[in-house]
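# Survey of secondary and tertiary structure
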There are 2 protein chains.
Amino acid sequence: MAASVTIALDAMGGDHGPSVVVPGAAIALVRHPDTRFLIVGNAASIEPLLEQHPALAEKSEILHTDVAVAMDAKPSQALRKGRWHSSMWLGLEAVRDGRADATVSAGNTGALMAMAKFCLKTIAGVDRPAIAVIWPTVESECIVLDVGANVGADARQLVEFALMGAAMGRALFGVERPTVGLLNIGVEEVKGVDEIKAAAATLKNAPLPIIFRGFVEGDEIGHGAADVVVTDGFTGNIALKTAEGTAKQIGEYLRAAMGRSLLARIGAILAQGAFRALKEKMDPRQLNGGIFLGLNGIVVKSHGGTDATGFASAVDLAYDIASSGVVKRLAADIARFHAELELDGVA
Amino acid sequence: MAASVTIALDAMGGDHGPSVVVPGAAIALVRHPDTRFLIVGNAASIEPLLEQHPALAEKSEILHTDVAVAMDAKPSQALRKGRWHSSMWLGLEAVRDGRADATVSAGNTGALMAMAKFCLKTIAGVDRPAIAVIWPTVESECIVLDVGANVGADARQLVEFALMGAAMGRALFGVERPTVGLLNIGVEEVKGVDEIKAAAATLKNAPLPIIFRGFVEGDEIGHGAADVVVTDGFTGNIALKTAEGTAKQIGEYLRAAMGRSLLARIGAILAQGAFRALKEKMDPRQLNGGIFLGLNGIVVKSHGGTDATGFASAVDLAYDIASSGVVKRLAADIARFHAELELDGVA
């Protein structure tokens, strides 16, 4: 573990820019006092905010730019226009050049991925990077990937996602051979999931540092069926959003139910400690952050609309990943198991 | 609306067979006293159960068979072996021959769909049947399809699903032009969703009896973004299962939180009426049943592991669909709008 971790922050990304990024970093710093920050953005906006957080100011350096990547910019546009000067790019560049161990941005996902690939390049042997999230389970947490870096994935890519997710699982959860499941539907003998079947055949037979759990259905993710759940970016994104939407919907039912009668309102007051714990557990801000896996460097994408608490979670995640050595482990795994995968004839 | 509705019940399907099917039918009969039942299965098992439900016995006829389709049978096997004598097949045959208005089975989904296609045939002009479910939203309900009849769907099939879902929405929700959304991910400019984009272009421009809402993300389903949410069977199945799993997971968090302290336990007792209402709202048994759309007849698939309460919900659904005239409306819509779709050049 490095003596200190430096995290570059894209202070112009997201819906709220530095007004969320700076206080978010201040919250994260309390939890990880050995963090240093490179805050990239408009110095005139950042400085007054930093003045309110003297402890953070002491650990931070501002890298000035007034070029922001628009939240609705197309990835190709973002890559063309102003890429050398935007806060998003400069954060990535700091990682590439070793001035930061990770970068966090709440900006446009597509633009961030396009720039990250261009700036950091994919790890040798990795076909496509993926976005991984930490998904809460009944007992603990699991890693789900890809949740939206790509649309569709062939068998080879699914196997690579499994390897990348497992490397992350080993680093974050401290298990030597994480359990891995492939997201699938329960119906047998249906055509079209050939890629998933082929990936399963490889994962079952190849001598990889995982315990392969086979297929996992949608309801088994949160049940904790595997440490790592692998799927293509389209399906993973739909599953993630659907779970978030369902949690929000149930929260609304609960609020409505608790306000309906006097007894229920009194009950809710008595149980408010329990409700607070539940609310925290269900708070999407606690698990804010998608990790870009498969690049030569650490990039964490925060929700664009999050607040300081949510942004702090994304910074925590960047800290954990940076101090866990995931990237090196991942590169080593890919290098080590690439030959095995190739032998298995997966296209 | 027909004077009475006859529903064929596959009494040998599901994990529990007649011990769930018979009491389930008895519950549904109380809600819809004008229902008649054709209970297909082993008479020796069914008769003693019927004796416990005299009101149901009066409205029921038993069609004896002792051939069941195994829960793990492959669809092709189910079609080959014993298809003429199984309880599943005989229920479908009763619909085909006009002796029943609908059939409900808790048996193997793949086998049921294969047999249903073979026995009832698809409606003229429909490429592939779909499975639709009623999905609870914050304010009301919506229809989601396909949730697993097919894996993958081309643009033409997605448009047909939209038409079928809209016909169901008109019949069930009583709205003349249901709102329709296409499930998609938020990331712009990614390749691979060409089918969805092409379907969107057709739905936007064709003079169909719908209000097209464009793309809907996973978290917007439960938010009530559209009356009908259209997706391919793989994605729809993953989304449905993920939502069910998340609801169950949150239920477990809630139970744990409410048991943790004395105050919380007292609060939970005071608020028990509210909790009961919430539990009912979140009870997956309340919305048990997938409707096979696009066939010349009504087939409802119940969860295999459900209890009598859940099976009764599936019977309710069959009753609602049978008395709403969905199938005729759907056939008329497909016939009427087929030409428009063809003109639009969707392959």
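Note that the structure is a prediction, hence the values are computed from the model and not measured. (Residues numbered from 1 in each chain as written. Chains lettered and ligands numbered in written order. Predicted model: local features only at pLDDT ≥ 70, side-chain atom pairs only at ≥ 80, totals over all residues.)

### Here's the deal with the nonpolar core
We count it as follows: Buried Ala, Val, Leu, Ile, Met, Phe, Trp, Tyr and Cys residues form a nonpolar core when they are connected through C-beta atoms within 7 Å. A residue is called partly exposed when the number of other C-beta atoms within 10 Å of its own lies between 12 and 20, exposed at 12 or fewer, and buried at 20 or more, with C-beta atoms placed from the backbone. Whether two residues are in contact is decided by their C-beta atoms, placed from the backbone, lying within 7 Å.
Core analysis: the biggest nonpolar cluster contains 252 residues, and Ala318(A) and Ala318(B) have the highest contact counts within it. The residues touching Ala318(A), leaving out its near neighbours within four places in the chain, are Ile7(A), Ala102(A), Val104(A), Ile298(A) and Val300(A).

### Description of the environment of His53(B)
Residue and element names in this part refer to chain B. Using the following cut-off: For helices the rule is a DSSP run of H or I covering at least 4 residues; for strands it is a run of E covering at least 2, with both sets numbered from the N terminus onward.
Considering the arrangement of structural elements, one finds His53 in the loop between helix H2 (43-51) and helix H3 (54-59). For His53, a count of 17 C-beta atoms within 10 Å translates into the label partly exposed. Placed 14 residues apart in sequence, His53 and Ile39 show a C-alpha to C-alpha distance of 13 Å. Among all residues touching His53, those that are not within four sequence positions of it are Val22, Pro23 and Ala26.

### Section: the interface of chain A and chain B
Put simply, the test is: Residues are grouped as follows: nonpolar covers Ala, Val, Leu, Ile, Met, Phe, Trp, Tyr, Cys and Pro; charged covers Asp, Glu, Lys and Arg; every other residue, Gly included, is treated as polar.
Each partner contributes to the interface: chain A provides 61 residues, whereas chain B provides 60 residues. Contributions of two or more residues to the side of chain A that touches chain B are made by helix H4 (75-80), helix H6 (109-120), helix H9 (218-221), helix H10 (233-259), helix H11 (262-270) and helix H12 (272-282) of chain A. Split by residue class, the side of chain A that touches chain B holds 30 nonpolar, 18 polar and 13 charged.

### Notes on the relation of the copies chain A and chain B
Selection rule: Copy-to-copy alignment: least squares on C-alpha atoms, limited to residues at pLDDT 70 or above in both.
When chain A is fitted onto chain B, the two copies agree to an RMSD of 0.1 Å after a turn of 180 degrees and an axial shift of 0.0 Å. The two molecules are tied by a two-fold rotation axis, judged by turn and shift. No C-alpha of chain A approaches the rotation axis more nearly than that of Gly267(A), which lies at 1.9 Å. Interface overlap between copies: 98% of the residues of chain A at the interface are likewise at the interface in chain B, consistent with a symmetric, same-surface contact.

### What to know about the pairing of strand E1 (residues 5-10) of chain A
Residues and elements named next belong to chain A. What counts is decided by this rule: If the strands point away from the viewer and the path from the first strand over the helix to the second runs clockwise, then the crossover is right-handed. What makes two strands pair is DSSP finding at least two bridges between them.
The buried count for E1 comes to 6 of 6 residues, which makes it a mostly enclosed element. Going residue by residue along E1, you find Val5, Ile7 and Leu9 tucked away on one face and Thr6, Ala8 and Asp10 tucked away on the opposite face as well. Each parallel crossover has a hand, and for E1 linked through helix H1 (residues 18-31) to strand E2 (residues 35-41) it is right-handed. In the sheet, E1 pairs with strand E4 (residues 102-105) via 4 bridges, with the strands oriented parallel. Paired with Asp10 across the strands is Ser105, a residue of E4.

### Some points on the domain arrangement of chain A
All names here are of chain A. Applicable threshold: In this entry, domain limits derive from an automatic or database-based domain assignment.
For chain A, the assigned domains are domain 1 (5-124 + 294-324) and domain 2 (130-283). Each of domain 1 and domain 2 has a C-alpha centre, and these two points are 26 Å apart. Across the contact, 6 residues belong to domain 1 and 7 residues belong to domain 2. Taken together, the elements giving at least two residues each to the side of domain 1 that touches domain 2 come down to H6 and helix H13 (308-324). Looking at the side of domain 1 that touches domain 2 residue by residue, the class counts come to 1 nonpolar, 3 polar and 2 charged.

### Some words on helix H7 (residues 155-173) of chain B
Structural remark: α-helix, 3.6 residues per turn; residues separated by three or four positions point the same way. Just so we agree on the cut-off: Helix span, expected: 1.5 Å multiplied by one less than the number of residues in the helix.
For H7(B), built from 19 residues, the straight-helix expectation of 27 Å at 1.5 Å per residue is met to within 8% by its first-to-last C-alpha distance of 26 Å. One or two steps after H7(B), the chain reaches Gly174(B), where phi turns positive at roughly 70 degrees.

### Here we look at the packing of helix H10 (residues 233-259) of chain B against helix H11 (residues 262-270) of chain B
Residue and element names in this part refer to chain B. Keep this limit in mind: Throughout, an axis means a line fitted to C-alpha atoms (over the contacting stretch in the case of helices), and angles, computed between N-to-C directions, take values from 0 to 180 degrees.
Their axes nearest at 6 Å, the elements H10 and H11 cross at an angle of 115 degrees. Residues Ala257, Met258 and Gly259 of H10 pack against Ala264, Arg265 and Ala268 of H11. Its residues placed into classes, the contact of H10 with H11 shows 4 nonpolar, 1 polar and 1 charged.

### Some words on the environment of Cys142(B)
Residue and element names in this part refer to chain B. Along the chain, Cys142 turns up in strand E6 (residues 141-145). Look at Cys142 and you get buried, because 27 C-beta atoms sit within 10 Å. Between the C-alpha atoms of Cys142 and Ala225, which are 83 residues apart in sequence, the distance is 8.8 Å. Here Cys142 is in contact with Trp135, Thr137, Ile221, Gly224, Ala226, Asp227, Val228 and Val229, once residues within four sequence places are set aside.

### Some thoughts on the sheet that holds strand E3 (residues 60-64) of chain B
Residue and element names in this part refer to chain B. The 11 strands lie next to each other as E3-E2-E1-E4-E11-E10-E5-E6-E9-E7-E8, forming an open sheet whose pairing is mixed. Among the strands making up the open sheet, the edge pair consists of E3 and strand E8 (211-216). Within this sheet the neighbouring strands show an average axis-to-axis angle of 25 degrees, counted without direction. Inspection of the sheet shows strand E7 (residues 179-183) paired to E8 by 5 bridges, in the parallel sense. In the sheet register, Leu182 faces E8, and the bridge partner there is Phe215. Contacts from H7 reach strand E5 (130-136), E6, E7, strand E9 (228-230) and strand E10 (290-293) within the one sheet, and its direction differs from that of E9 by about 160 degrees.

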